Amino acid sequence: MNIEKRDFDKEAASWDEHPNRVKLARDVADAILKQITLTAGMDALDFGCGTGLLTLHVQPFVRSITGVDSSQGMLDIFKTKIAKREMNNTSALLLDLEDDSRLPGNYHIVLSSMVLHHIKDVKHLFNRLYKQILPAGHLCIADLDLDDGQFHDDNTGVFHFGFDRAALRRIFIAAGFENVSDITAATMAKPTSAGVIREFTIFLMTGQKGSLQS
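Residues numbered from 1 in each chain as written. Predicted model: local features only at pLDDT ≥ 70, side-chain atom pairs only at ≥ 80, totals over all residues. Heavy atoms only, no water.

What follows deals with the overall build of the chain. A tally of regular secondary structure across the chain gives five helices and seven strands. Within the span of the chain, comprising 214 residues, buried residues form 51% of the whole. In the chain, of all internal contacts separated by at least 6 residues, the share reaching a separation of at least 24 is 68%. If you sum the accessible surface of the chain, you get close to 10200 Å²; carbon and sulfur atoms cover 51% of it. (Helix = DSSP H or I, 4+ residues; strand = E, 2+ residues; numbered from the N terminus. Buried < 20%, exposed > 50% of the residue type's maximum accessible area, 1.4 Å probe, protein only. Contact = heavy atoms within 4.5 Å. Areas by Shrake-Rupley, 256 points an atom, 1.4 Å probe, with all protein chains shown as cover.)

Listed as buried for helix H4 (residues 122-132) are Val122, Leu125, Phe126, Arg128, Leu129, Tyr130 and Gln132. The elements touched by buried residues of H4 are strand S1 (43-47), strand S4 (107-113), strand S5 (133-144) and helix H5 (165-175).

Our focus in this paragraph is a negative patch on the surface. Where like charges cluster on the molecular surface, the negative patch consists of Asp96, Glu98, Asp99 and Asp121. Relative to the helices and strands, aspartate 121 resides in the loop between S4 and H4. (Patch = residues over 30% accessible without salt bridge, like charges linked within 9 Å, V, L, I, M, F, W, Y side chains within 5 Å. Salt bridge = Lys/Arg side-chain N within 4 Å of Asp/Glu carboxyl O. Lys, Arg positive; Asp, Glu negative; His and termini not counted. Charge placed at Lys NZ, Arg CZ, Asp CG, Glu CD.)

In total, this model carries four aromatic pairs according to the counting rule given. Measuring from ring centre to ring centre gives 4.8 Å for phenylalanine 126 and phenylalanine 172, while their planes differ by 85°; the resulting arrangement is edge-to-face. One end of the pair, phenylalanine 126, is in helix H4; the other, phenylalanine 172, is in helix H5, with 46 residues separating them in the sequence. Each member of the pair, phenylalanine 126 as well as phenylalanine 172, is classed as buried. Between the aromatic rings of tyrosine 130 and phenylalanine 177, the centroid separation amounts to 5.0 Å while the plane-to-plane angle is 80°, which identifies the pairing as edge-to-face. Of the two residues, tyrosine 130 is situated in helix H4 and phenylalanine 177 in the loop between H5 and strand S6 (178-191); the sequence distance between them amounts to 47 residues. Of the two residues, tyrosine 130 and phenylalanine 177, neither departs from the other in class, the shared state being buried. Within the aromatic cluster, the residues linked to one another by ring pairs are Phe126, Tyr130, Phe172 and Phe177. (Phe/Tyr/Trp six-rings, centres within 6.5 Å; stacked < 30°, edge-to-face > 60°.)

Under the counting rule described, the total for this entry stands at six salt bridges. Salt-bridge contacts for lysine 23 lead to aspartate 27; the nearest nitrogen and oxygen are separated by 2.6 Å. Linking lysine 23 with aspartate 27, this pair stays in helix H1 (residues 19-35), spanning four residues, or about one helical turn. Under the relative-accessibility criterion, lysine 23 is labelled partly exposed at 38%. Among the salt bridges present, the one from aspartate 182 reaches arginine 165, with a minimum N-O distance of 2.9 Å.

Let us look at H5. Residues of H5 that are buried include every one of Arg165, Leu168, Ile171, Phe172 and Ala175, and no others. Buried residues along H5 cover an arc of 115° about the axis, so they all sit on one side. Of the exposed residues in H5, those oriented more than 90 degrees away from the buried face are Arg170, Ile173 and Ala174. Against the buried residues of H5 lie H4, S5, S6 and strand S7 (197-208). Near the N-terminus of H5, the side chain that reaches the backbone nitrogen of alanine 166, with its oxygen 3.2 Å away, is that of aspartate 164. (Arc of directions from axis to C-beta. Polar contact = N/O pair within 3.5 Å; in protein donor to acceptor, adjacent residues only side chain to side chain.)

A few words now on the side chain of threonine 66. As for its placement among the helices and strands, threonine 66 is situated in strand S2 (residues 64-69). Side chain to side chain, threonine 66 and serine 91 meet in a polar contact 3.3 Å long. For threonine 66, the contacting residues outside a window of four places in its chain are Ala44, Leu45, Asp46, Ser91 and Tyr107.

Here's what the structure looks like:
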């Protein structure tokens with residue numbers, strides 16, 4: 001497994017040109033909206049927002065949304081979208097996703113799509129995010145089911161070849177989240193390294209912080 005960091009800056013300019021990525025963001029957003037009731041009083045965080053594909057689908061339903069990412073190139077694309085659409089409730093922030101520093105603010109909902117497999121210490125991340133989610137708030141994680149390392153053309157920066165849902169559910173619960181559930185949010189057909197077309201599934205797992213927790 002190649003655990004060097006992937007250079008997303010180099011991919012930023014053409015990132016949105018891939019129809020599968022655009023569709024995936026829409027499918028994940030639809031799944032979130034089915035599982036969680038978003039309101040105009042909520043503040044949201046998109047962890048690992050990239051060019052803002054998912055962020056922009058959620059933005060109309062919340063009071064504010066902050067996208068954080070470790071790629072300046074991705075954020076530059078996202079900021080251009082924010083400015084063009086004059087979205088005053090949306091912001092983008094450069095942040096090392098593996099850094100222990102506290103994220104800015106507290107949130108009613110934290111969402112993340114196709115980022116978790118790039119995070120080495122998932123348990124530590126969940127503990128970190130739990131502290132910044134407001135009481136009764138939600139964590140929404142979308143990522144690959146177990147894929148045997150076949151999903152990516154290049155596994156640079158990939159720490160996990162998808163996730164076993166039962167094992168990930170236990171990590172949610174250990175971090176303190178309640179009402180943990182999962183659904184299949186999307187499917188994506190693409191060729192494996194062997195050239196065989198395979199259908200990969202992407203789940204959405206959600207958990208809620210207790211209403212009396214601080």
